Amino acid sequence: MEFNTIIEPFKIHSVAPIAMTTENQRNRYIEDAGYNLFSLHSDDVLIDLLTDSGTGAMSRNQWAAIQHGDESYAGSPSWLIFKEAVQNLFPFEHVIPTHQGRAAEKILFTAIGGEGKVIPSNTHFDTTRANIEYSKARAVDLVIAEGRDPANLHPFKGNMDLVALEKFINETGVENIPVVMMTITNNSGGGQPVSLENLRGVSQICKRYSIPFFLDACRFAENAWFIKEREAGQSNRDVADIVREIASLADGMTMSAKKDPLGNIGGWLALNDEELASTCRNLLILTEGFPTYGGLAGRDLEALAVGLTEVISHDYLKYRIRSTAYLGNALAKIGIPVVQPIGGHAVYIDAKAFLPHIAPLEYPGQSLAVELYRVGGIRGCEIGTVMFGRQPDGSEVPAAMELVRLAIPRRTYTQSHIDYVIEVCEEVARRASSFRGYVITKEPAALRHFTSEFAPL
Ligand code: F0G
């Protein structure tokens, strides 16, 4: 018999306190923070949905593995345990450990990017794009049209537009495209998955044109679960088996181990090409560390090796995807517009539709994020004009979408925490017509969303 209640497939082993605050206190904290949620003290946040990156809870087996960590500078057994765990799912020849995902990106694009190069993806994550552009190469997003429409119910909205990819290759020239990337799941596009069929299609195109194909695989297990649930002929497969097939289609990967590998820190770059691996290892030694630990301590390598075995559990993934959908569906039911279908790691509220009276250049997403904090102490993240509006030429242009992301840390909050979030959102919806826009009063030269200060209009 299958019951409806989603029970967390774990019991709590160690707890951290949440300090209760009042709306009056939070009004003061957010004003002191210049209305920027990144400037809050996390102790003043009740439910922290800023990111799912590195904020999850480790298991007792991961903590036990921490004790097993060996901190030898070279050739540590912890390195071999880590390498084996990675290659068990992603059997690439070379594994290069880094302190987090963007370090792997920096090394890869330093090696293969540069002036005149263009790198397509379904949608590049912002650090990926930034690292490509820092190398003076160009980043291009070729997600299918459905992936740009918040209300569209396509089951794989992270898919690459294969026709556009082939056209792009022919127009740009193979010699200018050092790699084709695919982000699974597509974080910037709403945490939407990519189908196996689409990955096979991208792989075939890349083979035909002899262009390497790399995965940005942070949320690979969530993506594989969506394939199992939604793609014809996949429902009887083991998730690990689907992951191995995905890996077999690619020539390499970048990874943030702060997501699906269930770590608080970590990442890697993995690939088959011997010569490129050698270049990358030399860069690794310059900025991260010796190739058998990269940017990590032996204990971190061990915790990640265990995390990789836990994240592919069907019980875990079923709970993970259902509990994210539980929040998203509840918000939709009370009339809050959310990106559909609900993604794997986060619920994205469409602030443009939710607060139509606030103009894009008065930052409806920022306004909503501030009110979620004020009303209920919930910290989400604006993904809209504050994040993307400032152009390289200094002008300001509204972003394509005004979203507020509520990202769910892994194994951290219970269903009653999420029920509280739903109740707060209900109250926020009641007050929505009274919310006002913001102006930016202080802005840094780049990545303004992290440190800008705001004032209410
Ligand atoms: N790629 C994707 C798809 C990501 O979501 C992230 C991080 C990275 C690469 C970079 O990894 O943080 O370990 O350097 N995303 C976080 C987020 C920060 O909140 O979505 P990192």
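Reading the values: the criteria
Residues numbered from 1 in each chain as written. Predicted model: local features only at pLDDT ≥ 70, side-chain atom pairs only at ≥ 80, totals over all residues. Heavy atoms only, no water. Helix = DSSP H or I, 4+ residues; strand = E, 2+ residues; numbered from the N terminus. Rg over C-alpha atoms; globule rule 2.2 N^0.38 Å. Buried < 20%, exposed > 50% of the residue type's maximum accessible area, 1.4 Å probe, protein only. Contact = heavy atoms within 4.5 Å. Expected span 1.5 Å × (residues − 1). Arc of directions from axis to C-beta. Domains from an automatic or database assignment. Buried area = accessible area lost by both parts, 1.4 Å probe. Salt bridge = Lys/Arg side-chain N within 4 Å of Asp/Glu carboxyl O. Nonpolar A, V, L, I, M, F, W, Y, C, P; charged D, E, K, R; others polar. Pairing = 2+ DSSP bridges. Axes fitted to C-alpha atoms, helices over the stretch in contact; angles between N-to-C directions. 1 Å grid on protein atoms, 1.4 Å probe; cavity = no way out; pocket = protein on both sides within 12 Å on 5 of 7 lines; lining within 4 Å. Points joined across faces, edges and corners; volume = space filled by probe spheres on them. Near = heavy atom within 4 Å. Polar contact = N/O pair within 3.5 Å; in protein donor to acceptor, adjacent residues only side chain to side chain. Areas by Shrake-Rupley, 256 points an atom, 1.4 Å probe, with all protein chains shown as cover.

Brief notes about the overall build of the protein chain
Along the protein chain, the regular secondary structure elements total 17 helices and 14 strands. For a compact globule of 457 residues, the expected C-alpha radius of gyration is about 23 Å, and the protein chain comes in at 22 Å, within 12% of that figure. Overall, the protein chain is about 60 × 50 × 45 Å in size when its C-alpha atoms are taken along their principal axes. Here the protein chain holds 457 residues, and the buried ones make up 58% of them. Considering only contacts within the protein chain whose residues lie at least 6 apart along the sequence, 72% involve residues at least 24 apart.

Concerning helix 3 (residues 77-89)
Taking 1.5 Å of rise per residue, the 13 residues of helix 3 would be expected to cover 18 Å, and the 19 Å separating its terminal C-alpha atoms lies within 8% of that figure. For helix 3, the full list of buried residues reads Ser78, Trp79, Phe82, Ala85, Val86 and Leu89. Projected onto a plane normal to the axis of helix 3, the buried residues spread over an arc of 130 degrees and lie on a single side. Where helix 3 is buried, its residues contact helix 2 (60-68), strand 2 (94-98), helix 8 (220-230), helix 9 (239-249), strand 8 (267-271) and helix 11 (298-310).

Notes on the domain arrangement of the protein chain
Domain parsing of the protein chain yields domain 1 (23-52 + 314-456) and domain 2 (60-310). Just the C-alpha atoms count here: the centres of domain 1 and domain 2 sit 27 Å apart. Counting residues at the interface gives 23 residues for domain 1, matched by 30 residues for domain 2. Between domain 1 and domain 2, roughly 2,200 Å² of surface is buried when both sides are summed, and carbon and sulfur atoms account for 58% of that area. A salt bridge links Asp52 to Arg219, with the shortest nitrogen-to-oxygen separation between them at 2.9 Å. Secondary structure elements with two or more residues in the side of domain 1 that touches domain 2: helix 12 (314-333) and strand 9 (346-350). At six residues, the largest contribution of residues to the side of domain 1 that touches domain 2 is made by helix 12. Looking at the side of domain 1 that touches domain 2 residue by residue, the classes come out as 10 nonpolar, six polar and seven charged.

A look at the sheet that holds strand 2
Spatially, five strands are ordered 2-8-7-6-5 in an open sheet, and the strand pairing comes out mixed. Of all the strands in the sheet, the pair left with one neighbour each is strand 2 and strand 5 (180-183). On average, each strand axis in the sheet is inclined to that of its neighbour by 15 degrees, with strand direction left out of account. Examined bridge by bridge, strand 5 and strand 6 (residues 213-216) share four bridges and lie parallel to one another. Pairing of Met181 across the sheet is with Phe214, part of strand 6.

A word on empty space enclosed by the protein
Where empty space is left becomes clear once a probe the size of a water molecule has been rolled over the atoms. In this structure the tally under the stated criterion is three cavities of 30 Å³ or more. In this model, the largest cavity occupies a volume close to 130 Å³. Forming the walls of the largest cavity are 14 residues, and the residues nearest its centre are Glu8, Tyr319, Ser323, Tyr413 and Ile418. Listing elements by their share of the lining of the largest cavity, those giving two or more residues are helix 12 and helix 16 (415-431). The biggest single contributor to the lining of the largest cavity is helix 12, with four residues. Class assignment of the residues belonging to the lining of the largest cavity gives a composition of seven nonpolar, five polar and two charged. Each pocket or cavity is described by its volume, and for the second largest cavity that value is around 90 Å³.

Examining the layout of surface pockets
Empty space within the largest pocket amounts to approximately 1,300 Å³. Around the largest pocket, the lining comprises 38 residues; the ones closest to its centre are Ser14, Ala57, Met58, Arg411 and Thr412. Going through the elements one at a time, helix 2 and helix 12 are the ones with two or more residues in the lining of the largest pocket. It is helix 2 that contributes the most residues to the lining of the largest pocket, three residues altogether. Broken down by class, the residue content of the lining of the largest pocket amounts to 17 nonpolar, 13 polar and eight charged. Two domains each provide a minimum of three residues to the lining of the largest pocket, namely domain 1 (23-52 + 314-456) and domain 2 (60-310). What lines the second largest pocket is a set of 34 residues, among which Asp126, Arg129, Met387, Phe388 and Gly389 lie closest to the centre. Elements with a minimum of two residues in the lining of the second largest pocket: helix 5 (126-134), helix 15 (385-388) and helix 17 (448-451). Examining the composition of the lining of the second largest pocket, we find that four residues originate from one element, helix 5, more than from any other.

What to know about the pattern of salt bridges
Scanning all chains against the criterion turns up 24 salt bridges. Asp141 is the salt-bridge partner of Arg129, the closest N and O atoms lying 3.2 Å from each other. Remark: Asp141 occurs in strand 4 (residues 138-141) and Arg129 occurs in helix 5; sequence separation between them is 12 residues. With a shortest N-O distance of 3.0 Å, Asp241 and Arg237 are connected by a salt bridge. Relative accessible area serves as the criterion here: at 17%, Arg237 is assigned to the buried category. Within this structure, Asp52, Arg219, Glu222, Asp260, Arg320 and Arg410 form a network of salt bridges that share partners.

Re the site of the ligand
The immediate surroundings of the ligand are formed by 17 residues, with Thr51, Arg102, Ser256, Lys259 and Arg405 found nearest. Between the ligand and Asp216 there is a distance of 2.8 Å, counted from a nitrogen atom to a side-chain nitrogen or oxygen. Here the ligand loses 93% of its free accessible area of 470 Å² to cover by the protein chains. The greatest single-element share of the shell around the ligand, amounting to three residues, is contributed by helix 4 (residues 101-112). Considering only residue class, the shell around the ligand consists of two nonpolar, eight polar and seven charged.

Brief notes about the sheet that holds strand 12 (residues 403-407)
Strand order across the open sheet formed by three strands is 9-12-11, with antiparallel pairing between neighbours. Each edge of the open sheet carries a strand with a single partner, namely strand 9 and strand 11 (381-383). On average, adjacent strands in this sheet sit at an angle of 30 degrees to one another, irrespective of strand direction. In the packing of helix 12 onto the sheet, contacts are made with strand 9 and strand 12, and the angle to strand 9 comes to roughly 20 degrees.

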